[in-house]
Amino acid sequence: MEVIESLGYQVYFDDTLASLETFLSERNYSKIIVLVDTNTLDNCLPLFQQALPNLSNYDVIEVDPGEENKNIDFCIGVWQNMLDFGADRHSLLINLGGGVVTDMGGFAASTFKRGMDFIQIPTTLLSQVDASVGGKTGIDMGNVKNIIGTFAQPQAVFISSQFLKTLDRRQLVSGFAEVIKHGLIFDREYYDSVKSMDITQVDNALVKHSVSIKNRVIVEDPKEKGLRKILNFGHTIGHAIEGYSLLNDRNPLLHGEAIAVGMICEGYLSHKLNGLSLDELNNLIATFRKYFNDYIFNSAIDTALLDLMRNDKKNLSNQIGFALLDKIGSCQYDIFVSEDDIIESLDFYRELIAR
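Okay, so let's go over this structure. As the structure is a computational prediction, the values presented were derived from the model and not from experiment.

Quick look at unusual backbone geometry
Right, on to step 1. One non-glycine residue, N146, lies in the positive phi region at around 55°.
Right, on to step 2. Checked against the element boundaries, N146 lands in strand 8 (residues 144-151).
Right, on to step 3. Despite not being glycine, D334 shows a phi value in the positive range, around 55°.
Right, on to step 4. Tracing the chain through its elements places D334 in strand 11 (residues 330-337).
Right, on to step 5. A relative accessible area of 36% places D334 in the partly exposed class.

Structure follows, in structure tokens:
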């Protein structure tokens, strides 16, 4: 078992979850509630139960899976269940699931009776390397991502690679987008090591390295006033594409799939506006196209995408904000980009996949 110290809590890399059993035995919570979705109910709750055979007195709240359900209506359902189960400010919510569960569960706990303890047990690669640390909680409103939320730190995070064995390849690849991003924005050597790896070889060592990168950033800037904004590389355009796909595609893009498109587009903007070399842009493009399928969309949706970007949290005075690379392994933030340049980056992507 290995441990990373974060913002007043610890992140445990522990396949057995023995550290979770110790954590719970040292605290006298009035009630324990486990939040799952239907996928983690079937695939991950049994692993949780096997690891904690002595934990029998807890209640389970189940929500539907998928980003389309990370909204206020489902959150009201979580709050209502917590009321029905008699939760109070001395209770604990255990969020067992991917980013939807950990985002919404953290938000529900941080606002229920003005705040109760919660812990995160992320079960997808995406949630382990991204949503597990940083204290961002949130829900979507319409197709605007994470527009309602809080900064609230968990009491602890428990990461086990055993949960990754429950994922299909598409979910693994989606999470891998954030792994690649961590190398692109902060660690060239790490990027070079992961850009050609076999996705099935992801393990706790890789997850720990990604978490340590994100943790170094968020510890320096907990409330995203400066450096933490580099974690948004690919996300201004990527979140807009994800939001559009969520409402309009029969099989909506997963988060990492949309962010991969966003990182190619924002890689182009990095080249045009922020000094990223053409060779490094092509390197980035080759990496993402190796792992991710192309997303086909035409210019008819550009207005809708821009509308979504105008609601992005990073904007200032109606200017659309970006974090852009100046070289692989280095990123700058608070770069405001014109709508013409944004559309040019979308055109660049469309022309790229049409070749």
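The rest of the description comes next.
Quick word on the pairing of strand 2 (residues 10-13)
Right, on to step 1. As defined by bridge partners, strand 1 (residues 2-5) adjoins strand 2 across 4 bridges and the pair is classed as antiparallel. Bridge pairing links E2 to F13 in strand 2.
Right, on to step 2. Linking strand 1 to strand 2, which pair antiparallel, is a turn of 4 residues; within it G8 sits at a positive phi near 85°.
Right, on to step 3. Pairing of strand 2 with strand 9 (residues 156-159) involves 4 bridges; the strand directions are parallel. Across the sheet, Y12 pairs through a bridge with F158, a residue of strand 9.

Observations regarding the layout of surface pockets
Right, on to step 1. The space that makes up the second largest pocket amounts to roughly 240 Å³.
Right, on to step 2. Lining the second largest pocket, in full, are R169, R170, V173, N251, L253, E257, V261, Y291, F292, N293, D294 and Y295.
Right, on to step 3. Counting only elements with at least two residues in the lining of the second largest pocket, the list comes to helix 7 (169-186) and helix 11 (255-274).
Right, on to step 4. It is helix 7 that contributes the most residues to the lining of the second largest pocket, 3 residues altogether.

Points about empty space enclosed by the protein
Right, on to step 1. One pass over the structure, following the stated rule, counts 3 cavities of 30 Å³ or more.
Right, on to step 2. The calculated volume of the largest cavity comes to roughly 120 Å³.
Right, on to step 3. Around the largest cavity, the lining is made up of 13 residues, and of these V144, K145, H239, L308 and D312 lie nearest the centre.
Right, on to step 4. The set of elements that each furnish at least two residues to the lining of the largest cavity consists of strand 8, helix 10 (235-248) and helix 13 (302-309).
Right, on to step 5. The leading source of residues in the lining of the largest cavity is helix 10, at 4 residues.
Right, on to step 6. The class makeup of the residues in the lining of the largest cavity is 5 nonpolar, 5 polar and 3 charged.
Right, on to step 7. Estimated volume of the second largest cavity: approximately 50 Å³.
Right, on to step 8. Surrounding the second largest cavity, A260, V261, I264, F288, R289, F292, N293, D294 and Y349 form its lining.
Right, on to step 9. Among the elements of the structure, helix 11 and helix 12 (278-291) are those that each provide at least two residues to the lining of the second largest cavity.
Right, on to step 10. Element by element, the count of residues in the lining of the second largest cavity is highest for helix 11, at 3 residues.
Right, on to step 11. Of the residues assigned to the lining of the second largest cavity, the class counts are 6 nonpolar, 1 polar and 2 charged.

Topic: the environment of Q10
Right, on to step 1. With respect to the helices, strands and loops of the structure, Q10 is situated in strand 2.
Right, on to step 2. Between the alpha carbons of Q10 and V157 there is a distance of 6.5 Å; along the sequence they are 147 residues apart.
Right, on to step 3. Once residues within four sequence positions are removed from consideration, Q10 is found in contact with V3, I4, E5, Q155, A156 and V157.

Section: the side chain of S6
Right, on to step 1. Inspection of the secondary structure assignment puts S6 in the loop between strand 1 and strand 2.
Right, on to step 2. A polar atom in the side chain of S6 sits 2.6 Å from the side chain of N215.
Right, on to step 3. Sequence-distant contacts of S6, that is, excluding residues within four places in its chain, are made with V11, N215, I218 and V219.

Things to note about the packing of aromatic side chains
Working definition: an aromatic ring pair is given by the centre-to-centre distance plus the angle between the planes.
Right, on to step 1. What the rule picks out here adds up to 9 aromatic pairs.
Right, on to step 2. Put simply, the rings of Y12, F23 and F158 pair up and form one aromatic cluster.

Remarks on the pattern of salt bridges
Right, on to step 1. Applying the stated criterion to the full structure yields 23 salt bridges.
Right, on to step 2. Between R350 and D302 there is a salt bridge; the shortest N-O distance is 2.8 Å. Note that R350 is positioned in helix 14 (residues 339-354) and D302 in helix 13, a separation of 48 residues in sequence. Taken individually, R350 and D302 each receive the classification buried, so the pair is uniform in this respect.
Right, on to step 3. Between R310 and D307 there is a salt bridge; the shortest N-O distance is 2.3 Å.

Criteria and thresholds
Along every chain, residues carry numbers that run from 1 in the direction the sequence is written. In keeping with the predicted nature of the model, local features appear solely for residues at pLDDT of at least 70, side-chain atom pairs appear and are counted solely at 80 or more, and the whole-chain, interface and lining totals rest on all residues. Side-chain measures were taken over the full set of non-hydrogen atoms in the model, leaving aside hydrogen atoms and water. Secondary structure elements follow DSSP: runs of H or I no shorter than four residues count as helices, runs of E no shorter than two count as strands, and numbering proceeds from the N terminus. Between buried and exposed lies partly exposed: a residue is buried under 20% and exposed over 50% of the maximum accessible area for its type, with that area taken using a 1.4 Å probe on protein chains only. A pair of strands is considered paired only if DSSP assigns at least 2 bridges between the two. Think of a 1 Å grid over just the protein atoms. A cavity is a set of points where a 1.4 Å probe fits yet cannot get out, a pocket is an open set with protein on both sides within 12 Å along at least five of seven lines, and lining residues have an atom within 4 Å of a point. Grid points are joined across faces, edges and corners, and a volume is the space filled by probe spheres set on the points. For this scheme, ten residues count as nonpolar: Ala, Val, Leu, Ile, Met, Phe, Trp, Tyr, Cys and Pro. Four count as charged, namely Asp, Glu, Lys and Arg, and the remainder, Gly too, count as polar. Contact criterion: two residues are considered in contact whenever any of their non-hydrogen atoms come within 4.5 Å of each other. Contacts described as polar in this section are N or O atom pairs within 3.5 Å, which, within protein, must combine one atom able to donate a hydrogen with one able to accept it, while residues neighboring in sequence count only if both atoms come from side chains. For Phe, Tyr and Trp, rings pair up if their centres lie within 6.5 Å, where Trp contributes its six-membered ring, and each pair is then called stacked (planes under 30 degrees apart), edge-to-face (over 60) or tilted (otherwise). A pair is scored as a salt bridge if a Lys or Arg side-chain nitrogen falls within 4 Å of a carboxyl oxygen belonging to Asp or Glu.

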